[in-house]
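Structural overview
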Amino acid sequence: MIVIMKSSTPLEELEHISNELRNRKITPETIVGTHKIVIGLIGDTAALNPLEIQQLSPFVEQVLRVNKPFKRASREFRHGEPTEVFVQTPNGLVAFGHNHPIVHVAGPCSVENEEMIIQTALQVKAAGAQFLRGGAYKPRTSPYAFQGHGESALDLLFQARQVTGLGIVTEVMDTADLEKVAAVADIIQVGARNMQNFSLLKKVGAQGKPVLLKRGLAATIEEWLMAAEYILAAGNPNVILCERGIRTFDRQYTRNTLDLAAIPVLRSLTHLPIMVDPSHGTGYCEFVPAMSKAAIAVGADSLMIEVHPNPSLALSDGPQSLTLKQYQELMVELTVFAKAVERWYQMPIPTQVNTESTFHNLIAVNV
Ligand code: PEP
Ligand code: MN
């Protein structure tokens, strides 16, 4: 259930309502928006009478039930106002969200060595990316396949961040590595195979870095949003959803089926920012440009693309990786599409955002 209050509601009145709700064993979560104040009610709201809540204060405008199993992740919970996830990179503040330019994340599947990661970082930055991606801990189907260089790869990502000023996106697979990963990552990735690793979700929810939550290989949209709910419920409001393709019947021509319909569907269901990963979504580099353009057309807030200096030698996901040159060419083409939807990234926002006037998201400061 949510209670929509007039934006002119005095603080004492908000306190009064919150206390009344607590007396009814409900935890109130107040979200101050630009036009409205919304109080999200957490707990067993089934027994509450909306009329009674309405009468608690003359400043109550409306009381609405959220009939979805995902509450905090639902659009209603923020009364339709999209979440903005702000990430402070050395190059400036980057905002993910429906009202912001498209954010570009690029890099290799795995961090392989110093030369390749620095070279890739410099080149994707030159092409216009704001974030470098690269796996240190890799979820591989075979235990005999390359598992990632672990801690030494994290050191290389730290170095790449210092050299280029790009933000870092990297995956955590195990709660035991969370602290190490969070020390380097500006955004922590939870991979498709861990989307329903609930103990990991609770842990990433209890720390301060933004979380990129990839869709599980066979996850429904509702299961995915419930996974996001775990992170939000644990106290971390900065969640970005990433569509990376789901398993369907064709394994011959595509690795996964990129579910682009999920983007407008999510938009109707949730306030969270949405990223698309056309690399895992198709499995082949030749299909990445078309699906990147399509992702922009359907309203993605961000793109994550695998790029490698020499894909034929890549230790993982070579066939779906673009060369540095192909990425640069694609970014030039994407300018046209992003400009058409008025979402081309000009420059990182130079100063920190004033959180007083907007919904109070945590700002991840990592400089
Ligand atoms: C990756 O980003 O390299 C990765 C392993 O992604 P996913 O979890 O979507 O398979
Ligand atoms: Mn990969």
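Quick summary incoming for the structure in this document. In this text, all values refer to a predicted model and were calculated from it rather than measured experimentally.

1. Section: unusual backbone geometry
We note that His79 has phi near 55°; this positive angle belongs to a residue other than glycine. Turning to its location among the elements, His79 is positioned in the loop between strand S4 (60–64) and strand S5 (85–89). His79 sits in the partly exposed class, given a relative accessible area of 35%. A positive phi angle is found at Asp317, which is not glycine, with a value near 55°. In this structure, Asp317 sits in the loop between strand S14 (302–306) and helix H11 (324–340). For Asp317, a relative accessible area of 17% translates into the label buried.

2. A short note on the coordination of the manganese ion (ligand 2)
Those protein atoms acting as donors to the manganese ion (ligand 2) are Cys109 (SG), His280 (NE2), Glu306 (OE) and Asp317 (OD), and they sit at 2.0 to 2.4 Å. Residue His280 is classed as buried on the basis of its relative accessible area of 8%.

3. Structural notes on the pairing of S5
Of all 5 residues making up S5, 5 are buried, and the element is well covered by its neighbours. Of the two faces of S5, both are covered, the one formed by Val85, Val87 and Thr89 as well as the one formed by Phe86 and Gln88.

4. Topic: the site of ligand 1
Neighbouring ligand 1 are 13 residues, the closest being Arg133, Lys138, Ala192, Arg193 and Arg244. Between ligand 1 and Gln189 there is a distance of 3.0 Å, counted from an oxygen atom to a side-chain nitrogen or oxygen. At 3.3 Å from an oxygen atom of ligand 1 is found a side-chain nitrogen or oxygen belonging to Glu306. Burial of ligand 1 by the surrounding chains reaches 98%, relative to a free accessible area of 290 Å². Its atoms largely coinciding with the cavity grid, ligand 1 occupies the largest pocket.

5. Here we look at the packing of helix H10 (residues 288–297) against H11
The contact between H10 and H11 brings their axes to 10 Å, and the two run at 25°. Taken together, H10 and H11 sit at an angle that is classed as roughly parallel. In the packing of H10 onto H11, the handedness of the crossing is right-handed. Each of Val288, Pro289, Ser292, Lys293 and Ile296 in H10 lies in contact with H11, whose residues at this interface are Leu330, Glu333, Leu334, Phe337 and Ala338. Residues belonging to the contact of H10 with H11 are distributed by class as follows: 7 nonpolar, 1 polar and 2 charged.

6. Examining the environment of Lys125
Tracing the chain through its elements places Lys125 in helix H3 (residues 114–127). For Lys125 and His104, which are 21 residues apart along the polypeptide, the C-alpha to C-alpha distance reads 9.5 Å. Beyond its immediate chain neighbours, meaning those up to four positions away, Lys125 contacts Asn91, Thr164 and Leu166. At 2.8 Å, the side chain of Lys125 forms a polar contact with the backbone oxygen of Thr164.

7. Brief notes about the sheet that holds strand S2 (residues 27–32)
Taken in spatial order, the 4 strands line up as S2-S3-S1-S4 in an open sheet, and their pairing is antiparallel. The sheet terminates laterally at S2 and S4, the two strands that pair on one side only. Averaged over all pairs of adjacent strands, the angle between their axes in this sheet comes to 20°, without regard to strand direction. For strand S1 (residues 2–5) and S4, the ladder comprises 4 bridges, and the chain directions are antiparallel. The residue of S4 that forms the bridge with Ile4 is Gln62.

8. Quick notes on helix H1 (residues 11–23)
An α-helical segment advances 3.6 residues per turn. Residues three or four places apart therefore align on the same side. Over its 13 residues, H1 extends 18 Å from the first C-alpha to the last, a length consistent with the 18 Å expected when each residue adds 1.5 Å. Looking only at H1, the buried set comprises Glu13, Leu14, Ile17, Ser18 and Leu21. The buried residues of H1 occupy an angular sector of 135° when projected down its axis, which confines them to one face. In this structure, H1 carries Leu11, Glu12 and Asn23 as exposed residues pointing more than 90 degrees from its buried face. On its buried side, H1 packs onto S1, S2, strand S3 (37–42), helix H2 (50–54) and S4. Positive phi appears at Lys25, one or two residues downstream of H1, with a value of about 65°.

So, how was this worked out
- Residues numbered from 1 in each chain as written.
- Chains lettered and ligands numbered in written order.
- Predicted model: local features only at pLDDT ≥ 70, side-chain atom pairs only at ≥ 80, totals over all residues.
- Heavy atoms only, no water.
- Helix = DSSP H or I, 4+ residues; strand = E, 2+ residues; numbered from the N terminus.
- Buried < 20%, exposed > 50% of the residue type's maximum accessible area, 1.4 Å probe, protein only.
- Donors = N, O, S within 2.8 Å, 3.2 Å for Na, K, Ca; no water.
- Near = heavy atom within 4 Å.
- Polar contact = N/O pair within 3.5 Å; in protein donor to acceptor, adjacent residues only side chain to side chain.
- Areas by Shrake-Rupley, 256 points an atom, 1.4 Å probe, with all protein chains shown as cover.
- 1 Å grid on protein atoms, 1.4 Å probe; cavity = no way out; pocket = protein on both sides within 12 Å on 5 of 7 lines; lining within 4 Å.
- Sits in = over half its atoms within 2 Å of the grid points.
- Axes fitted to C-alpha atoms, helices over the stretch in contact; angles between N-to-C directions.
- Parallel < 35°, antiparallel > 145°, perpendicular 65-115°, else oblique.
- Left-handed = near helix turned anticlockwise from the far one by under 90°.
- Contact = heavy atoms within 4.5 Å.
- Nonpolar A, V, L, I, M, F, W, Y, C, P; charged D, E, K, R; others polar.
- Pairing = 2+ DSSP bridges.
- Expected span 1.5 Å × (residues − 1).
- Arc of directions from axis to C-beta.

Treat this as a map of the structure, not an account of what it does.
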